[in-house]
Amino acid sequence: MNTIELRKQELENCRPEPTLDAQSADNYWDGILAEYEQKPLHITTVPEETPYPGMEVNKVSFKGFDETTVHAWHIQPSWNAEARQVLPCIVTFPGYTGDRGYPERYASWVLLGYAVLAVDVRGQLGETGNLLPQSSGVAKGWITQGILEKEHSYYMAAAMDAVRAVDTAAQLPGIDPSRIAVTGGSQGGGLSLLAGALNPRVAAVAADIPNLCRLDFGVLNSTSSLTEIADYIKRYPEHLERILHNLAYFDIVNLAHRFTAPVMMSVGWKDTVCMPETIYAAYNRIAAPKEIWDYPFSGHEVGEFHNRQKAIFFQRHLEAAQQL
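Here's a quick rundown of the structure. (Residues numbered from 1 in each chain as written. Predicted model: local features only at pLDDT ≥ 70, side-chain atom pairs only at ≥ 80, totals over all residues. Heavy atoms only, no water.)

1. Here's the deal with the overall build of the protein
The following threshold applies: Each helix corresponds to a stretch of at least 4 residues labelled H or I by DSSP, and each strand to a stretch of at least 2 residues labelled E; elements are numbered beginning at the N terminus. Computation of the radius of gyration draws on C-alpha atoms alone. For the globule rule, the value is 2.2 Å times the number of residues to the power 0.38. Only protein chains enter the area calculation, which uses a 1.4 Å probe; residues under 20% of their type maximum are buried, those over 50% are exposed, and those in between are partly exposed. Should any heavy atoms of two residues lie within 4.5 Å, those residues are considered in contact.
From N to C terminus, the protein includes 12 helices and 9 strands. Here the C-alpha radius of gyration of the protein, 19 Å, is about what a compact globule of 324 residues would show, namely 20 Å. Among the 324 residues that make up the protein, the fraction classed as buried is 57%. At a minimum sequence separation of 6, the contacts of the protein that also span at least 24 residues come to 72%.

So this is what it looks like as structure tokens:
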């Protein structure tokens with residue numbers, strides 16, 4: 001057995017115990033989701049000009065976790081402007097410090113005949129603001145906002161924004177609510193996994209090099225956004241246990257049992273941001289149909305080959321969802 005095979009075997013056996021029992025996780029999230037189900041989305045749609053003739057673009061906004069207005073692009077193939085078929089939809093989330101970009105970023109999905117809802121993450125590079133209070137101090141960045149109170153934390157806000165983005169997609173014209181998939185890389189992959197675990201509308205999840213997996217390990221070892229939490233704990237070491245307890249409610253390891261839709265994940269073995277020990281820890285606990293693509297010589301990125309595999313994954317599972 002060569003070194004690559006040994007490493008694969010090691011990762012396939014990476015199965016740390018959850019830091020939160022399934023019943024506690026379900027009781028908590030079912031209560032949160034029931035509360036937000038009653039809150040209106042206040043969706044607005046404004047046409048957006050684009051120089052690309054193959055697209056019809058609208059700027060969409062909706063109310064997220066709090067009173068923050070979340071902005072997104074709703075993109076459809078231009079041929080559907082008259083046909084008005086209901087299309088499968090890909091909801092996308094950007095990586096940390098990123099934004100939804102320009103609509104043409106999603107041309108490959110439009111060429112495949114999908115609608116797209118490309119969503120900003122609050123407070124980061126895009127147009128979406130962030131009305132969360134900073135009640136307990138913060139380290140640089142966003143993710144330590146409200147970290148001592150999970151109900152008012154940045155992760156809670158981002159999670160519910162993602163859940164409500166899927167609900168928004170289901171109400172937009174030209175979108176089949178039974179065929180909504182979610183995808184993103186890094187932060188976007190983590191938010192896709194949260195949306196898949198928390199919103200039963202999701203028909204497929206493709207999470208590339210995702211964060212929000214095995215968060216306690218990540219806080220201790222990651223070289224990227226989770227260093228913000230590590231810096232906060234360095235300043236306030238007396239809050240370590242409280243913070244780890246709060247993070248457990250957003251950890252995909254602890255929510256893995258909630259997945260029913262098919263899940264595809266990717267992992268770079270040289271990734272020091274979202275390390276393979278975190279991604280496999282979550283993946284190995286998912287009981288839904290799943291597949292994982294290993295890239296032993298990749299860091300925190302995915303290449304063109306993987307994007308092809310993701311397109312095939314969505315085609316297969318969104319077609320299956322249509323037949324149900």
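The discussion continues.
2. Here's the deal with unusual backbone geometry
One non-glycine residue with positive phi stands out, namely Ile-209, at about 35°. Looking at where Ile-209 falls in the secondary structure, it is placed in the loop between β7 (202-208) and α7 (215-221). Looking at Ile-209, the relative accessible area reads 6%, which means it is buried. With a phi angle near 50°, Arg-214 is a residue other than glycine that sits in the positive phi range. The exposure class assigned to Arg-214 is buried, which follows from its relative accessible area of 18%.

3. Here we look at helix α6 (residues 187-198)
The criterion, for reference: Each helix should span, by expectation, one fewer than its residue count multiplied by 1.5 Å.
Between its first and last C-alpha, α6 extends 16 Å over 12 residues, near the 16 Å set by a 1.5 Å rise per residue. Counted residue by residue, α6 has 12 buried out of 12 residues, so it is predominantly covered. Gln-187, Gly-188, Gly-189, Gly-190, Leu-191, Ser-192, Leu-193, Leu-194, Ala-195, Gly-196, Ala-197 and Leu-198 are the residues of α6 that are buried.

4. Overview of the packing of aromatic side chains
Heads up, the condition is: Between 30 and 60 degrees the pair is tilted, below 30 it is stacked and above 60 it is edge-to-face, where a pair is any two Phe, Tyr or Trp rings, Trp via its six-membered ring, whose centres lie within 6.5 Å. Either the NZ atom of lysine or the CZ atom of arginine qualifies as a charge over a ring when it sits within 6 Å of the ring centre and within 35 degrees of the ring normal.
One pass over the full model with this rule turns up 12 aromatic pairs. Within the aromatic cluster, the residues linked to one another by ring pairs are Tyr-28, Trp-29, Tyr-155, Tyr-249 and Phe-250. The side chain of Lys-39 reaches across the aromatic face of Tyr-36, ending 4.2 Å from its centre. Taking NZ or CZ as reference, Arg-100 lies 4.3 Å from the ring centre of Trp-73, over its face.

5. Thoughts on the packing of helix α8 (residues 227-235) against helix α9 (residues 240-247)
Here is the rule: A fitted line through C-alpha atoms represents every axis, and for helices the fit uses only the stretch in contact; the resulting angles, taken between N-to-C directions, go from 0 to 180 degrees. Oblique is the label for any angle not under 35 degrees, not over 145, and not in the 65 to 115 range, which are roughly parallel, roughly antiparallel and roughly perpendicular in turn.
The N-to-C vectors of α8 and α9 enclose an angle of 155°; their axes lie 10 Å apart at closest approach. With respect to their mutual orientation, α8 and α9 come out roughly antiparallel. Residue-level inspection shows Ile-229, Tyr-232 and Ile-233 of α8 in contact with α9, the latter providing Leu-240, Ile-243 and Leu-247.

6. Description of helix α2 (residues 22-37)
This is how it is decided: Pairing of N or O atoms within 3.5 Å defines a polar contact, subject to two protein rules: one partner must be a possible hydrogen donor and the other a possible acceptor, and residues neighboring in sequence count only if both atoms are side-chain atoms.
When the terminal C-alpha atoms of α2 are compared, their 22 Å separation across 16 residues agrees well with the 22 Å that a helix rising 1.5 Å per residue should span. Restricting attention to buried positions, one finds in α2 the residues Ala-25, Asp-26, Tyr-28, Trp-29, Ile-32, Leu-33 and Tyr-36. Summarising the contacts, the buried residues of α2 are in contact with α5 (154-171), α6 and α10 (252-255). Measuring from the backbone nitrogen of Gln-23 back to the side-chain oxygen at the start of α2 gives 3.2 Å, which picks out Asp-21 as the cap.

7. Observations regarding the sheet that holds strand β9 (residues 290-295)
The strands making up a sheet are joined through hydrogen bonds of the backbone, oriented either antiparallel or parallel. Rules: Two strands are counted as paired when DSSP detects at least two bridges linking them.
What the 9 strands build is an open sheet, ordered β1-β2-β3-β5-β4-β6-β7-β8-β9; its pairing is mixed. Both edges of this open sheet fall to β1 (44-48) and β9, since each of them pairs with a single strand only. Taken over all neighbouring pairs, the strand axes of this sheet differ in orientation by 20° on average, direction set aside. Bridge analysis of β7 against strand β8 (residues 263-268) gives 4 bridges, and the strand direction is parallel.

8. Some remarks on the pattern of salt bridges
Filter applied, for reference: The rule for a salt bridge is simple: a side-chain nitrogen of Lys or Arg has to be within 4 Å of a carboxyl oxygen of Asp or Glu.
Considering all chains together, one arrives at 20 salt bridges under this definition. Of the charged contacts in the structure, one is a salt bridge between Glu-17 and Arg-285, with a shortest N-O distance of 3.7 Å. In this pair, Glu-17 is assigned in the loop between α1 (3-12) and α2 and Arg-285 in the loop between α11 (276-283) and β9, connecting sequence segments 268 residues apart. Residue Arg-285 is classed as buried on the basis of its relative accessible area of 18%. A salt bridge links Arg-179 to Asp-176; the nearest nitrogen and oxygen atoms lie 2.8 Å apart. You can call Arg-179 buried: its relative accessible area is 7%. The class for Asp-176 is buried, based on a relative accessible area of 11%. Within this structure, Lys-59, Arg-100, Asp-120 and Glu-127 form a network of salt bridges that share partners.

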